Amino acid sequence: MKTVKIMIAAVLIAASFSQAAKAQDKQKTETKSTTSVTKLKDHKCNAKCNAAAHNYVHGEKGHVCTDAYKKTTKKA
């Protein structure tokens, strides 16, 4: 009888860990989906824009992050 109680307790503990892991996985996927959909702003011309070319700022439609750009904007 004692082993049956221990087995039931072990199953209940394992089930609770499993539910917690599923909740964390669901939260991670929800976070990724909301951050991957970014709304880009329309381009507003600035002092660096001219008739030949526009200077797109990060977050504007038309901006492309290149390797050179990524080197200049390192995160702290």
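What you see is a predicted model, and the numbers here were worked out from it, not measured in a lab.

Chemist: Please clarify how the overall build of the protein chain should be interpreted in this entry.
Modeler: On a plain count of helices and strands, the protein chain comes out with 2 helices and 0 strands. Counting over 76 residues, the protein chain shows a buried share of 3%.

Chemist: How do you make sense of the environment of C45 when you look at a structure like this?
Modeler: Structurally, C45 is set in the loop between α1 (2-36) and α2 (67-72). The class of C45 is exposed, set by a relative accessible area of 55%.

Chemist: Would you mind showing me how to read a nonpolar patch on the surface here?
Modeler: Judged by side-chain polarity, V4, I8 and L12 come together as a nonpolar surface patch covering roughly 290 Å² of accessible area. By the secondary structure assignment, V4 is in helix α1.

Chemist: How do you make sense of the state of the cysteines when you look at a structure like this?
Modeler: The bond known as a disulfide is covalent and runs between the sulfur atoms of two cysteines. Per the counting criterion, the structure on display carries 0 disulfides. The cysteine C45 is free of any disulfide, with C49 supplying the nearest cysteine sulfur at 4.2 Å.

Chemist: When you look at the side chain of E60 in this model, what are you seeing that I'm missing?
Modeler: With respect to the element layout, E60 can be found in the loop between α1 and α2. Despite its burial, E60 pairs with no opposite charge; the closest candidate is K41, at 6.4 Å N-O. There is a polar contact of 2.8 Å between the side chain of E60 and the side chain of H43. Within the structure, the side chain of E60 is placed 3.5 Å from the backbone nitrogen of K44, a separation counted as a polar contact.

Criteria and cut-off values
- Residues numbered from 1 in each chain as written.
- Predicted model: local features only at pLDDT ≥ 70, side-chain atom pairs only at ≥ 80, totals over all residues.
- Heavy atoms only, no water.
- Helix = DSSP H or I, 4+ residues; strand = E, 2+ residues; numbered from the N terminus.
- Buried < 20%, exposed > 50% of the residue type's maximum accessible area, 1.4 Å probe, protein only.
- Patch = residues over 30% accessible without salt bridge, like charges linked within 9 Å, V, L, I, M, F, W, Y side chains within 5 Å.
- Areas by Shrake-Rupley, 256 points an atom, 1.4 Å probe, with all protein chains shown as cover.
- Salt bridge = Lys/Arg side-chain N within 4 Å of Asp/Glu carboxyl O.
- Disulfide = S-S within 2.5 Å.
- Lys, Arg positive; Asp, Glu negative; His and termini not counted.
- Polar contact = N/O pair within 3.5 Å; in protein donor to acceptor, adjacent residues only side chain to side chain.

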